[in-house]
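Observations on the three-dimensional arrangement
Okay, here's what each chain looks like letter by letter:
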Amino acid sequence: MAYGLGIESSCDETSIAIVRDGKELISLKVYSQIDSHSPYRGVVPEIASRAHLEKINTLLAVSMEEAGLSYSDLDYVAVTSYPGLVGSLMIGAQLARCISLVFGIPIVAVNHLEAHLAVIGLERELPPFPWLGVLLSGGNSSIYLYRGFGDLQILADTQDDSLGEAFDKVSAVLNLPYPGGPYLEAKADSYQPTNGEPNPFPKLLKEDGEDRIRFSYSGLKTAVLYFLKANATEPPVEKISYYFQKTAFELVTRNIRKAIQKTGIRTVVAAGGVLANGTLRENLEKEKERSRFDLFYPGKKIYCTDNGAMVACLGYYLWKQKSVVGLDFKVSPKRNFEQII
């Protein structure tokens, strides 16, 4: 039996978790900074790092007490080391170094993006590798070939805005609160299109052939702006929200089909903050039936957001592989590990 501590501080959530054997959650504490960043409609790096510094020790103490463990019970401490905001990452990294130095616990440095994919191990047995990892969040719209722990190859990336970023930008022009995802989703859910009603927004990347897999959402944001200007007197917020989602999610399912055709891999793991969207989940389930592949994504929506549990979960498998680091490990905003070693 192995106990692992997970530390997440890559962006605007401070989180500590304790996991047993990589699959049983013992404690999870999350402090969200949304209220601090809402006035700016985006994450302010200095505010984020200060908030991590103020909250992280308290979260650690509460989580350890809830778990009923002492530090001598821990087998490893896993911490997000990349990618993320450097100032924020440094707060978590310093905490991990202190725990390791004082108690002699090995450190596992974790890829934040990979942790999002591995978190499904807290709800079910992990499927055999390889997978197609679909990551949809505020900073990423990507598809990975995931061959094994620590072994990811990017197959598709965003050319500009990520899906989560597009949600926030469109919600801003519609005067919806930040972060935009839940509010825009609620508006979309309240709209009922008439029979045969045309989509006012163009199909994204329709010029791409079957061999090209990529994401791009800046054009959709521009289309929303033009449509809004044309209907400025009575802006149809619900209609815009509905067709924004419909257009954005069609590109996701189309790219999954392309990735399956290109690789022959029929196991798809989807993760990231946008997976909290119920309509996206429904679309993925329909595509799963249509294209006949195995689909996995977090059942609990808290596992879609940044959290220490996903870090501790992935950390367990890397620790088992003896992928531990010294006190001098690096943090980086870059996504590719090869770029920071």
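Values in this document were obtained by computation on a predicted structure and should not be read as measured data.

Conventions we followed
- Residues numbered from 1 in each chain as written.
- Predicted model: local features only at pLDDT ≥ 70, side-chain atom pairs only at ≥ 80, totals over all residues.
- Heavy atoms only, no water.
- Helix = DSSP H or I, 4+ residues; strand = E, 2+ residues; numbered from the N terminus.
- Rg over C-alpha atoms; globule rule 2.2 N^0.38 Å.
- Buried < 20%, exposed > 50% of the residue type's maximum accessible area, 1.4 Å probe, protein only.
- Contact = heavy atoms within 4.5 Å.
- Core = buried A, V, L, I, M, F, W, Y, C linked by side-chain atoms within 4.5 Å.
- Expected span 1.5 Å × (residues − 1).
- UniProt positions renumbered as here; feature names shortened; annotations may be inferred.
- Salt bridge = Lys/Arg side-chain N within 4 Å of Asp/Glu carboxyl O.
- Arc of directions from axis to C-beta.

From N to C terminus, the chain includes 10 helices and 10 strands. Taking 2.2 N^0.38 as the reference for a compact globule, 341 residues should give roughly 20 Å; the C-alpha atoms of the chain span a radius of gyration of 20 Å, in line with that estimate. With the C-alpha coordinates of the chain rotated into their principal frame, the extents come out at 65 × 45 × 35 Å. With 341 residues in all, the chain has 52% of them scored as buried. When contacts within the chain are restricted to residue pairs at least 6 apart in sequence, long-range pairs at least 24 apart make up 72% of them.

In this structure, Leu136, Leu163, Tyr217 and Val252 are the most contacted members of the largest nonpolar core, which totals 48 residues. Where this core is concerned, the elements lending two or more residues are β6 (131–136), β7 (141–148), β8 (151–156), α5 (163–173), α7 (218–230), α8 (237–263), β9 (267–271) and α9 (278–291). With 11 residues, α8 is the single largest residue contributor to this core. Ranked by size, the runner-up nonpolar core spans 34 residues in total, among them Leu126, Trp131, Ala271 and Leu318.

Attention now moves to helix α3 (residues 86–103). The first and last C-alpha atoms of α3 sit 26 Å apart over 18 residues, in line with the 26 Å expected at 1.5 Å per residue. For α3, every residue scored as buried is listed here: Ser88, Leu89, Ile91, Gly92, Ala93, Leu95, Ala96, Arg97, Ile99 and Ser100. Where the residues of α3 are buried, they touch β1 (3–8), β2 (13–20), α2 (45–67), β4 (76–82) and β5 (107–111).

Attention now moves to the UniProt feature "domain: Gcp-like" (unreviewed entry) in the chain. The UniProt entry lists residues 25–312 under the feature "domain: Gcp-like" (unreviewed entry), expressed in the numbering used here. Across residues 25–312, helical content stands at 46% and strand content at 17%; the span's end C-alpha atoms are separated by 9 Å.

Further remarks concern the pattern of salt bridges. Overall, the coordinates contain 17 salt bridges when judged by the stated rule. Among the ionic pairs, Arg20 bridges to Glu24, the shortest N-O distance being 2.5 Å. Among the salt bridges present, the one from Glu250 reaches Arg254, with a minimum N-O distance of 2.7 Å. With Glu250 and Arg254 both in helix α8 and four residues apart, this pair spans about one turn of that helix. Relative accessible area serves as the criterion here: at 26%, Glu250 is assigned to the partly exposed category. Take Arg254: its relative accessible area is 8%, and that puts it in the buried class.

This part is about α5. Residues lying three or four places apart along an α-helix face the same way, a consequence of the helix completing one turn every 3.6 residues. Buried within α5 we find Leu163, Gly164, Ala166, Phe167, Val170 and Ser171. In an axial view of α5, the angular spread of the buried residues amounts to 155°, which keeps them on one side of the axis. Positive backbone phi, at 60°, marks Asn175, one or two positions downstream of α5.

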